[in-house]
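Examining the three-dimensional arrangement
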Amino acid sequence: MAKINTNYNKLSPSYVFSEIGKRVKVFSEKNPGVEILKLGVGNTTEALTSTVVKGLLEGVKKLSNIKTYTGYGDEQGDTRLRKALAELYQKRGISLLPEEIFISDGAKPDCANISSIFDESSIVAVADPVYPVYVDSNVIAGKKLVYIECTEENNFIPSPPKEKADLIFICSPNNPTGSVVTKKQLKAFVDYALKNKAVIVFDGAYVEYITDKSLPKSIYEIPGAKKCAIEINSFSKWAGFTGVRLGWTVVPMDLTVEEAGRGKINSLWNRRQTTMFNGASNIAQEGGLAVLSDKGQKECKKLVDYYMNNAKIIKSGLSKMGLKVFGGDNAPYIWLKVPNNLSSWEFFDKLLKEAHVVGTPGSGFGGKGEGYFRLSAFGHKENIEKAVKSIQENLKL
Ligand SMILES: Cc1ncc(COP(=O)(O)O)c(C=O)c1O
């Protein structure tokens, strides 16, 4: 008799975005013709850059010719792309072997799948509020979770867990709070992991949004991190690949756990990927190579700057009204303290009703998100400006 994985019953209902959809639908039905301004989702909106498009077309062209056609590639990814990423790290002072870099179809699947190479009894530390994938994937895997709080008092940067944890997820720049860890704060996690023989999973999906040069763009900027950290990253928010799908995961050869020999974690992930993943799209990988070219990087920086300008518009527009806003300086998310002691959902309804603007209630990211609200800088500038203007003119504080 087939039985389901009952851990699925332990998941909290993935309720936020469907509830947002429902409330917006009800509002639109009651107010036909009213334009709804969306600052809710973290989805890219601007077109791919010309160099990247050329790269993707090159991939298609290769497939159209019998002499250059390729079918399945290496599960670990195209060697040229792995080398190009190793060069990117090298320019940032980090030496990695191409074999330490695994190309993926995006950061989300790797964030969810990484759990499978660790023991079921592992205790997993995640932030509260949190990018929900870290929580749900580990609940499905039957692992125990401990939460490390991100509050206004600690500038939304958690400290290493007080209790024992075997796996620690860190997201910097952070979704949803827009906070970014300093090298000192990250070092505290690396020290904790080395001392407690824990492994850190560092999600750097937004590192290209960092403009403050003192902030780390990779956990491997911290001495000792190669012995205790896996890094997951993505082309999604950097190059507009949310729909193209491409990312990578670094598993250093130096990363070992007690009972495993040198390079064991790297071999385990290699085994996992070669067994359960059939490689990223060859077309997407040509696109990734184009992103990493000098011209591609310059163009993608402009794309990131475009969204960061949106972040500035939101942050300064709301600050001027006297609202308390965090994040948005080195991250495309603005974390707003809900005014007048309203709950996150009460503020959602008020913002929709009065300003016709949609955001994401902070409580959807965890208990400590209650009383906060996430606004996303992903959108066309005109729409962002319209939304901010509408909030300034119509929101009654
Ligand atoms: C923190 C974080 N990690 C990973 C992802 C997903 O990245 P990808 O599109 O590469 O799967 C997101 C997407 O919103 C994210 O916010």
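Residues numbered from 1 in each chain as written. Predicted model: local features only at pLDDT ≥ 70, side-chain atom pairs only at ≥ 80, totals over all residues.

**Remarks on the overall build of the protein chain**
A tally of regular secondary structure across the protein chain gives 12 helices and 13 strands. Radius of gyration (C-alpha) of the protein chain: 21 Å, near the 21 Å computed for a compact globule of 397 residues. If one aligns the C-alpha atoms of the protein chain with their principal axes, the spans along those axes are about 60 × 55 × 55 Å. Out of the 397 residues in the protein chain, the part that is buried amounts to 44%. (Helix = DSSP H or I, 4+ residues; strand = E, 2+ residues; numbered from the N terminus. Rg over C-alpha atoms; globule rule 2.2 N^0.38 Å. Buried ≥ 20, exposed ≤ 12 C-beta atoms within 10 Å, placed from the backbone.)

**Considerations on helix α11 (residues 344-355)**
With 12 residues, α11 ought to run about 16 Å at 1.5 Å a step, and its terminal C-alpha atoms sit 16 Å apart, in line with that. For α11, the set of buried residues is Ser 344, Phe 347, Phe 348, Leu 351, Leu 352 and Ala 355. Along the long axis of α11, the arc covered by the buried residues comes to 130°, so they all point the same way. Buried residues along α11 sit in contact with α1 (16-30), β11 (357-358), β12 (360-361), β13 (372-376) and α12 (381-394). Backbone geometry just after α11 places His 356 at a positive phi near 60°. (Expected span 1.5 Å × (residues − 1). Arc of directions from axis to C-beta. Contact = placed C-beta atoms within 7 Å.)

**Considerations on the site of the ligand**
Surrounding the ligand, one finds 14 residues, the nearest of these being Gly 106, Ala 107, Lys 108, Ser 234 and Ser 236. Counting residues per element, the shell around the ligand draws most heavily on helix α4 (residues 107-113), which supplies 3 residues. When grouped by side-chain class, the residues that make up the shell around the ligand number 5 nonpolar, 7 polar and 2 charged. (Near = placed C-beta within 6 Å. Nonpolar A, V, L, I, M, F, W, Y, C, P; charged D, E, K, R; others polar.)

**Digging into unusual backbone geometry**
Following Ser 172, the chain continues into Pro 173 via a peptide bond in cis, with omega recorded as -10°. Within the element layout of this structure, Pro 173 appears in the loop between β5 (167-171) and α6 (183-196). Put simply, Asn 175 and Pro 176 share a cis peptide bond, and its omega is 20°. Tracing the chain through its elements places Pro 176 in the loop between β5 and α6. Of note, Lys 197 is a non-glycine position whose phi angle comes to about 55°, a positive value. Here Lys 197 shows up in the loop between α6 and β6 (199-203). A positive phi angle, close to 75°, is found at Arg 245, a residue other than glycine. Given 18 C-beta atoms within 10 Å, Arg 245 falls into the partly exposed group.

**Here we look at the domain arrangement of the protein chain**
Along its sequence, the protein chain is carved into domain 1 (7-38 + 296-394) and domain 2 (50-293). Put simply, the middle of domain 1 and the middle of domain 2, counted by C-alpha atoms, are 26 Å apart. At the junction of the two partners, domain 1 supplies 27 residues and domain 2 supplies 38 residues. Counting residues per element, the side of domain 1 that touches domain 2 draws most heavily on helix α10 (residues 294-320), which supplies 7 residues. Residues that form the side of domain 1 that touches domain 2 fall into these classes: 13 nonpolar, 10 polar and 4 charged. (Domains from an automatic or database assignment.)

**Describing the sheet that holds β13**
Here we have 4 strands laid out as an open sheet, ordered β9-β10-β13-β12, and antiparallel in their pairing. Because the sheet does not close on itself, it has two edges, and the strands there are β9 (325-327) and β12. Two elements, strand β10 (residues 333-337) and β13, share 5 bridges in a ladder whose sense is antiparallel. Within the sheet, the bridge partner assigned to Lys 337 lies in β13 and is Tyr 372. (Pairing = 2+ DSSP bridges.)

**Looking at the nonpolar core**
Core analysis: the biggest nonpolar cluster contains 105 residues, and Ile 168, Ile 200, Ala 229 and Ile 230 have the highest contact counts within it. With 7 residues, the top contributor of residues to this core is α10. Taken together, domain 1 (7-38 + 296-394) and domain 2 (50-293) each give at least three residues to this core, which thus spans both. Sequence-distant contacts of Ile 200, that is, excluding residues within four places in its chain, are made with Ile 168, Ile 170, Phe 189, Ala 193, Ile 219, Cys 228 and Ala 229. (Core = buried A, V, L, I, M, F, W, Y, C linked by C-beta atoms within 7 Å.)

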